[in-house]
Amino acid sequence: MPTLVRKTLRDYRRSLIGWTVGICAFLTLYLSIYPSIAANPDVYGDAALAKYPGALRDLMGGLDDIASGAGYLQTLVYQLFGPLLFIVCAVLLANRAIAVPEGKGTLELTLALPLSRSRIVLERWAAVAVGLLIVTVVSFALVTTMVALVDMNVEVDRVLAAHTGLYLLALLVGTLALAIGAITGRKAVALAASGGVAVASYAIESLAKNVDAISWLRWVSPFRYYADGNPLRLGWPVGDYLILAAAIAVLLFTAVRAFDRRDVGV
Amino acid sequence: MTAVIEAEGLSKFYGRRRGLENLTLTVAAGEVFGYLGPNGAGKTTTIRLLLDVIRPTRGRIRILGKDPRDHRVRARIGYLPGELSLEGTERAREYLEFLAQVRGSGRSQIPVLAERLEADLSVSMGKLSKGNKQKVGLIQAFMHNPDLLVLDEPTSGLDPLVQQEFLAMVREARNAGRTVLMSSHVLAEVEHVSDRVGVVRGGRLVAVEGVAALREKAIRRVEFHFDAPVPPEAFEGLPGVRDLRVEGTAVRCTIDGRPDALIKAAARFTVVHMVSEEPDLEEIFLAYYSEEEDHAYAGA
Ligand SMILES: Nc1ncnc2c1ncn2[C@@H]1O[C@H](COP(=O)(O)OP(=O)(O)OP(=O)(O)O)[C@@H](O)[C@H]1O
Ligand SMILES: [Mg+2]
């Protein structure tokens with residue numbers, strides 16, 4: 001592993017441990033109550049939840065069939081909370097790649113090393129990607145374990161497909177934050193812009209299905225490519241995931257180009 | 001001699017704010033160059049341009065014969081930033097080892113330099129005192145024995161003993177044929193190690209002068225005491241001798257430039273005691289360049 005990647009991961013170690021533990025605690029807590037929900041279909045079944053308006057249901061995470069294993073997992077983990085936690089984690093890590101050290105002034109000595117600017121961006125990004133992958137792998141292992149323990153009856157491959165989406169979505173928003181940091185050098189801007197995009201994209205995906213006037217926005221919204229394929233039920237949405245991956249590549253390329261051209265720490 | 005730093009018509013504007021304007025400067029291999037100027041003069045701007053942290057608005061730089069954008073050249077440069085920022089929970093030693101690893105050299109020098117500067121490397125970086133941060137900064141600048149050292153206010157925050165040790169390190173670097181550019185606010189900090197000094201003010205280089213030449217320009221007060229009264233005529237009209245006062249066995253005067261003629265005149269008598277004040281180069285230097293620049297030297 002390249003030295004700067006290793007060193008950046010070492011800097012991330014504490015946050016990575018924190019996020020992994022936090023996300024796993026959240027998952028354990030919510031997945032362990034599944035048996036009590038499955039045992040009460042008349043309270044949580046489709047008929048009981050049908051009284052909520054469609055748009056509201058969407059905003060609350062579908063509430064679709066939460067008495068079934070896949071429905072419960074989708075609603076509790078992959079609809080809102082999973083993306084939320086993963087995205088916040090990714091953005092915070094990504095902001096520490098360029099914008100935060102630039103603001104603090106610690107990037108100056110990194111730039112004085114015999115490393116090209118492009119390489120600094122790429123290696124720092126790689127550390128974000130690997131860090132996020134660690135969180136993803138551990139939480140995936142936990143979800144599959146819990147799925148087996150509480151008899152959710154969801155195939156491991158489907159969980160893997162859904163978790164891969166989580167990873168790609170979070171990495172995309174993280175890469176956006178990194179790119180804005182590489183372009184502007186301002187962590188507040190990077191944080192606000194990438195957070196804004198994530199929230200807007202979630203809202204669009206939830207509401208646009210019911211509001212025709214904005215339905216075209218779905219096509220540029222990252223959440224569409226994360227959620228529309230419904231991987232827990234339908235398996236790998238390969239095309240959508242490739243689009244997420246392509247968007248990551250484009251943002252990374254933009255970050256490299258922008259950082260290579262500008263003054264640092266002014 | 002080959003040039004290690006070559007700047008030609010170098011200008012840097014931050015938006016409309018002037019950082020540096022039209023700097024032309026050459027620093028030769030093996031030279032120690034003192035880069036002086038008051039606050040906001042443009043020292044840090046120049047240095048960050050050399051390291052390719054910021055890019056020039058106009059002008060050209062060659063460093064160690066290369067374009068500063070060529071990242072490989074930085075393996076041969078030791079850089080101490082003016083606003084050194086070291087943060088985090090990592091121990092200073094681990095950070096230095098990381099730098100050594102990226103550069104591919106210098107690891108073995110870490111404990112050696114730490115001992116010389118009395119730096120405690122077991123402390124986490126965020127908890128280092130200002131002086132200790134500066135020491136870590138110096139260690140990382142010197143540890144890979146770079147051909148060129150670019151040091152922005154290297155002595156800031158160091159106590160006098162450590163400053164002396166640092167100056168010794170600079171002398172050793174020069175003796176080993178390395179080149180040094182160091183910035184400072186005051187000449188006194190750099191005059192004992194510098195071969196040449198340059199002054200920037202308001203973004204412009206206003207003077208460059210050899211330290212030896214400055215010494216020659218120096219006015220110094222000299223006193224001779226002899227074993228018997230001496231005739232005033234013996235000292236009158238000597239080149240460079242001014243304000244001559246001969247009182248019995250004592251001769252007092254100021255000399256401007258070389259003391260040679262005075263010493264030879266005095267040598268004809270029996271000298272029992274002699275006092276020569278160390279000239280204040282700073283004073284001369286400031287006088288010298290405020291003549292060139294008409295406006296008064298108000299700052300610093
Ligand atoms: N990032 C920046 N944005 C705008 N102006 C700047 C910036 N950095 C420096 N300047 C301006 O450029 C000029 C030169 O600043 P510089 O930092 O090079 O001075 P300096 O000689 O290093 O001063 P000091 O002795 O205080 O460190 C100053 O007028 C300063 O205000
Ligand atoms: Mg400065």
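Residues numbered from 1 in each chain as written. Chains lettered and ligands numbered in written order. Predicted model: local features only at pLDDT ≥ 70, side-chain atom pairs only at ≥ 80, totals over all residues. Heavy atoms only, no water.

Participant: Mind showing me how you'd approach the overall build of chain B here?
Facilitator: The helix and strand tally for chain B stands at 9 helices and 13 strands. Dimensions along the principal axes, computed over C-alpha positions, put chain B at roughly 70 × 45 × 35 Å. Relative to its 300 residues, chain B shows a buried fraction of 49%. Expressed as a percentage of contacts within chain B between residues at least 6 apart in sequence, the contacts between residues at least 24 apart total 67%. Accessible surface computed for chain B: about 13,900 Å², of which carbon and sulfur atoms make up 47%. (Helix = DSSP H or I, 4+ residues; strand = E, 2+ residues; numbered from the N terminus. Buried < 20%, exposed > 50% of the residue type's maximum accessible area, 1.4 Å probe, protein only. Contact = heavy atoms within 4.5 Å. Areas by Shrake-Rupley, 256 points an atom, 1.4 Å probe, with all protein chains shown as cover.)

Participant: Looking at this structure, how should I read the pattern of salt bridges?
Facilitator: As a working rule, side chains carrying opposite charge can pair if their charged atoms are close by. Residue and element names in this part refer to chain B. Here the structure, examined in full by the defined rule, presents 30 salt bridges over all chains. E21 is paired through a salt bridge with R18; the nearest N and O atoms lie 3.1 Å apart. When its relative accessible area of 41% is taken as the criterion, R18 is described as partly exposed. A salt bridge links R76 to D147, with the shortest nitrogen-to-oxygen separation between them at 2.8 Å. You can see R76 sitting in the loop between β4 (58–63) and β5 (77–80) and its partner D147 sitting in the loop between α4 (130–142) and β6 (148–151), a full 71 residues away along the chain. (Salt bridge = Lys/Arg side-chain N within 4 Å of Asp/Glu carboxyl O.)

Participant: Can you help me understand the domain arrangement of chain B in this one?
Facilitator: Many authors give the size of an interface as the accessible area that is lost as the parts come together. Assigned domains of chain B: these are domain 1 (3–208) and domain 2 (219–278). Of note, the centres of domain 1 of chain B and domain 2 of chain B, computed from C-alpha atoms alone, are 44 Å apart. (Domains from an automatic or database assignment.)

Participant: Whenever I open this one, the environment of D67 of chain B confuses me. Can you help?
Facilitator: Residues and elements named next belong to chain B. Topologically, D67 is positioned in the loop between β4 and β5. Since its relative accessible area comes to 38%, D67 is described here as partly exposed. When the C-alpha atoms of D67 and S11 are compared, they prove to be 16 Å apart, with 56 residues separating the residues in sequence. D67 has contacts with I61, R62 and V73, leaving out every residue within four places of it along the chain.

Participant: Where do I start with the sheet that holds β4 of chain B in this structure?
Facilitator: Within a sheet, adjacent strands bond to each other through the backbone by hydrogen bonds, running parallel or antiparallel. Residue and element names in this part refer to chain B. Pairing is antiparallel in the open sheet, where 3 strands are placed in the order β2-β1-β4. Looking along the sheet, the strands with just one partner apiece sit at the ends: β2 (17–28) and β4. Each strand of the sheet is rotated relative to its neighbour by a mean of 15°, with strand direction disregarded. (Pairing = 2+ DSSP bridges. Axes fitted to C-alpha atoms, helices over the stretch in contact; angles between N-to-C directions.)

Participant: Please clarify how the sheet that holds strand β13 (residues 271–276) of chain B should be interpreted in this entry.
Facilitator: Residue and element names in this part refer to chain B. Strands sit in the order β11-β12-β10-β13 across an open sheet of 4 strands; the sheet is antiparallel. Each end of this open sheet is capped by a strand with a single partner; those strands are β11 (241–247) and β13. Looking at each pair of strands side by side, their axes are set apart by 15° on average, direction ignored. Relative to β13, strand β10 (residues 219–226) runs antiparallel, the two sharing 5 bridges. Within β13, the position partnered with E223 by the bridge is V275.

Participant: Would you take a moment to explain empty space enclosed by the protein for this structure?
Facilitator: The rolling of a water-molecule-sized probe over the atoms marks out the regions of remaining empty space. All names here are of chain A. Scanning the model with the defined rule gives 3 cavities of 30 Å³ or more in all. Together, Q74, Y78, A162, Y226, A227 and P231 line the second largest cavity. Every element with two or more residues in the lining of the second largest cavity is listed here: α6 (69–79) and α13 (222–227). Across the lining of the second largest cavity, the residue classes tally to 5 nonpolar, 1 polar and no charged. (1 Å grid on protein atoms, 1.4 Å probe; cavity = no way out; pocket = protein on both sides within 12 Å on 5 of 7 lines; lining within 4 Å. Points joined across faces, edges and corners; volume = space filled by probe spheres on them. Nonpolar A, V, L, I, M, F, W, Y, C, P; charged D, E, K, R; others polar.)

Participant: Just checking my understanding: could you explain the environment of T110 of chain A for this structure?
Facilitator: All names here are of chain A. Mapped onto the secondary structure, T110 falls in helix α9 (residues 107–111). With a relative accessible area of 6%, T110 lands in the buried category. Sequence separation between T110 and I120 is 10 residues; the distance between their C-alpha atoms is 8.1 Å. Discounting residues that sit within four places of it in the chain, T110 has contacts with L4, I120 and R124.

Participant: I would appreciate a short explanation of the pairing of β11 of chain B in the present structure.
Facilitator: Regular strands show a simple pattern: their side chains alternate between the two faces of the sheet. Bridge analysis of β11 of chain B against strand β12 (residues 250–256) of chain B gives 5 bridges, and the strand direction is antiparallel. Of the residues in β12 of chain B, the one forming a bridge with R245 of chain B is R252 of chain B.

Participant: Is there a simple way to think about the site of ligand 1 in this case?
Facilitator: Near ligand 1, the surroundings consist of 15 residues, among which G40, K43, T44, T45 and H185 of chain B are the closest. Near ligand 1, the surrounding residues are drawn from chains A and B. When isolated, ligand 1 has an accessible area of 630 Å², and the protein chains bury 72% of it. Tallied by class, residues from the shell around ligand 1 come to 4 nonpolar, 7 polar and 4 charged. (Near = heavy atom within 4 Å.)

Participant: Mind showing me how you'd approach the nonpolar core here?
Facilitator: The tendency in soluble globular proteins is for nonpolar side chains to be buried as a group. Ranked by size, the top nonpolar core spans 150 residues in total, and within it L73 and Y78 of chain A together with F142 of chain B carry the most contacts. With residues near it in sequence (within four places) discarded, Y78 of chain A still touches L73, P83, V143, V159, A162, H163, L166, Y226 and L232 of chain A. Among the nonpolar cores identified, the runner-up in size contains 15 residues, and A234, F235, V251 and L262 of chain B belong to it. (Core = buried A, V, L, I, M, F, W, Y, C linked by side-chain atoms within 4.5 Å.)

Participant: I tried to follow helix α3 (residues 109–117) of chain B on my own but got confused; where do I start?
Facilitator: All names here are of chain B. Buried within α3 we find I110, L113, A114 and L117. With its buried residues spanning 105° around the axis, α3 presents them on a single face. Away from the buried face of α3 by more than 90 degrees, exposed residues P111 and E115 are located. In the segment just after α3, E118 is the residue with positive phi, at about 55°. (Arc of directions from axis to C-beta.)

Participant: Looking at this model, I keep getting lost on the packing of aromatic side chains. Mind explaining?
Facilitator: One pair of aromatic rings is described through two measures. These are the centre distance and the angle between the planes. By the definition in use, this model includes 14 aromatic pairs over all chains. For the pair W236 of chain A and Y241 of chain A, a centre-to-centre distance of 6.2 Å together with 85° between the ring planes defines the contact as edge-to-face. Take W236 of chain A: its relative accessible area is 36%, and that puts it in the partly exposed class. Overall, the relative accessible area of 6% leaves Y241 of chain A in the buried class. Ring plane angle 40° and centroid distance 6.3 Å describe the contact between F33 of chain B and Y35 of chain B, whose orientation is recorded as tilted. Residue F33 of chain B shares its accessibility class with Y35 of chain B, and that shared class is buried. Here the aromatic residues F224, F226, F235 and F269 of chain B are joined through ring pairs into a cluster of three or more. Positioned over the ring face of F259 of chain A is R117 of chain A, at 5.4 Å from the centre of the ring. Its end group placed over the ring of Y225 of chain A, R224 of chain A keeps NZ or CZ at 4.9 Å from the ring centre. (Phe/Tyr/Trp six-rings, centres within 6.5 Å; stacked < 30°, edge-to-face > 60°. Lys NZ or Arg CZ within 6 Å of the ring centre and 35° of its normal.)

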